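Here is what each chain is made of, one letter per residue.
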Amino acid sequence: MVDCQFYRGSASHVRSRRRSEHTCQHPRSRNFMALIQSALDERPLGSRRVIVRLRVRRYFCDRKSCFRKTFVEQVPGLSERHRRSSTGLTGWLWSIAIELGGRPAARLCRRLRLVAGRTRLLRLLTAPTVPDGAPRVLGVDEFAFRKGCTYGTVLVDVEARRVVDVLPDRTSETFAAWLTEHPGAEIICRDRASAYTKAVKEAAPHALEVADRWHLLQNLSAAVEKTCHQHGDCLRKRAEEETVTEVPEPPPMLLPPAELPRTQIIERTRHRYKDIHRLLEKRWTISAIARRLNLDRKTVRRFRDTDLDELLASARERQPNGVLEPFKAYLNVRFTEAHGQVSGTQLFLEIQARGYRGSRAVSY
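Conventions and cut-offs
- Residues numbered from 1 in each chain as written.
- Predicted model: local features only at pLDDT ≥ 70, side-chain atom pairs only at ≥ 80, totals over all residues.
- Heavy atoms only, no water.
- Salt bridge = Lys/Arg side-chain N within 4 Å of Asp/Glu carboxyl O.
- Helix = DSSP H or I, 4+ residues; strand = E, 2+ residues; numbered from the N terminus.
- 1 Å grid on protein atoms, 1.4 Å probe; cavity = no way out; pocket = protein on both sides within 12 Å on 5 of 7 lines; lining within 4 Å.
- Points joined across faces, edges and corners; volume = space filled by probe spheres on them.
- Nonpolar A, V, L, I, M, F, W, Y, C, P; charged D, E, K, R; others polar.
- Phe/Tyr/Trp six-rings, centres within 6.5 Å; stacked < 30°, edge-to-face > 60°.
- Buried < 20%, exposed > 50% of the residue type's maximum accessible area, 1.4 Å probe, protein only.
- Lys NZ or Arg CZ within 6 Å of the ring centre and 35° of its normal.

**Topic: the pattern of salt bridges**
Right, on to step 1. All told, the structure shown has eight salt bridges when counted by the stated rule.
Right, on to step 2. Here Arg136 ties to Glu159 by a salt bridge, and the two come within 2.5 Å at their closest N and O atoms. With Arg136 in the loop between helix H3 (118-123) and strand S6 (137-146) and Glu159 in the loop between strand S7 (150-157) and strand S8 (162-167), the pair connects residues that are 23 residues apart, well separated along the chain.
Right, on to step 3. Close ionic contact of Glu186 with Arg136 constitutes a salt bridge, the shortest N to O distance being 3.7 Å.

**Observations regarding empty space enclosed by the protein**
Right, on to step 1. Taken as a whole and judged by the stated rule, the model has one cavity of 30 Å³ or more.
Right, on to step 2. Considered as a void within the structure, the largest cavity measures approximately 60 Å³ in volume.
Right, on to step 3. Around the largest cavity, the lining residues are Asp41, Glu42, Pro44, Arg49, Val50, Leu89, Arg113, Leu114 and Val115.
Right, on to step 4. Elements with a contribution of two residues or more to the lining of the largest cavity: strand S3 (30-45) and strand S4 (48-61).
Right, on to step 5. Sort the elements by how many residues they give to the lining of the largest cavity and S3 lands first, with three residues.
Right, on to step 6. Counted by class, the lining of the largest cavity contains five nonpolar, no polar and four charged residues.

**Things to note about the packing of aromatic side chains**
The way to describe two aromatic rings as a pair is by their centre distance and the angle between their planes.
Right, on to step 1. If you walk through the whole model with that rule in mind, you get two aromatic pairs.
Right, on to step 2. Summarising the aromatic geometry, the rings of Phe175 and Tyr196 are spaced 5.7 Å apart at their centres and angled 80 degrees between planes, so their arrangement reads as edge-to-face. A residue pair is termed long-range when its members are at least 10 positions apart, and Phe175 in helix H4 (residues 172-181) and Tyr196 in helix H5 (residues 194-203) qualify at 21 residues.
Right, on to step 3. Residue Phe175 is classed as buried on the basis of its relative accessible area of 1%.
Right, on to step 4. In this structure Tyr196 comes out as buried when scored by relative accessible area, which is 1%.
Right, on to step 5. Stacked on the ring of Tyr151, the Lys or Arg Arg170 has its end atom at 4.0 Å from the ring centre.

See below:
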């Protein structure tokens, strides 16, 4: 039963009272001793830390044969003995610790607003139970507690893909003793270390020894590299003796020059470029050329400073009178109906009322 909930700083406190079960081998002899309050860390609520405050009873047993003199009642599914966190939060911390280890798990807990250091997280990890017998397919390999100094042996169930046991060293005596205590291995997958071979022959002579794929590839690459180093001189000499037949390159294919379509804007650009440069050769000024050809001075400068090919390419991409194209059919019909007796201004006003957005000069 929840009494109340209140906030203090960044933490949310929940007070609860609940009758729960307590464990004693003499249930009839238990005596009520005191009513105490305990605090449990619970999983965070949003960005707030949650603390559950329980009011529970402490009992004592007056039987001398009882192994528990005093004990506190526990709430099933919420509290456990010797725990300052709820069962749900303990499950979270255990999952984080088993995935990340010590310091990385502690850094993640700080980000998740969980109060747990690396030592507390590592204490949650318990060693798995070692089976009495060895698995049918046993994998053996070494690993480093500290690289270059201390090494151990890891034993793996290859079919189940899980670690069976960890040995403190990589000597043949330790591995042979383990095989003697845990019989039943039919296939032993190992590397080519002589210590493991000696242990298998002593403790499990009937087991089939196989080399794993990773060590086979590693040994193959080491053998190839060693062979190349031993025969480096002869391989280099052989490579110098071989002559590479040069394949003659095919003659380049000459393509005809691309011709631009002879449209009106292309021809106009050619003539305008020719006229401007002809007057420039005669030392005419920009203003004089603009007045003579009825052009803007910016246009004259652009034709003076730009190559003809670039001007033609730009002219090819342009669509002259593109805005007038949808209205050409209407203009032709109006001009035919009026037998040519209609002014350009009148036609311009009519197509402008129908959505034309171009200039009057284009419509003329």
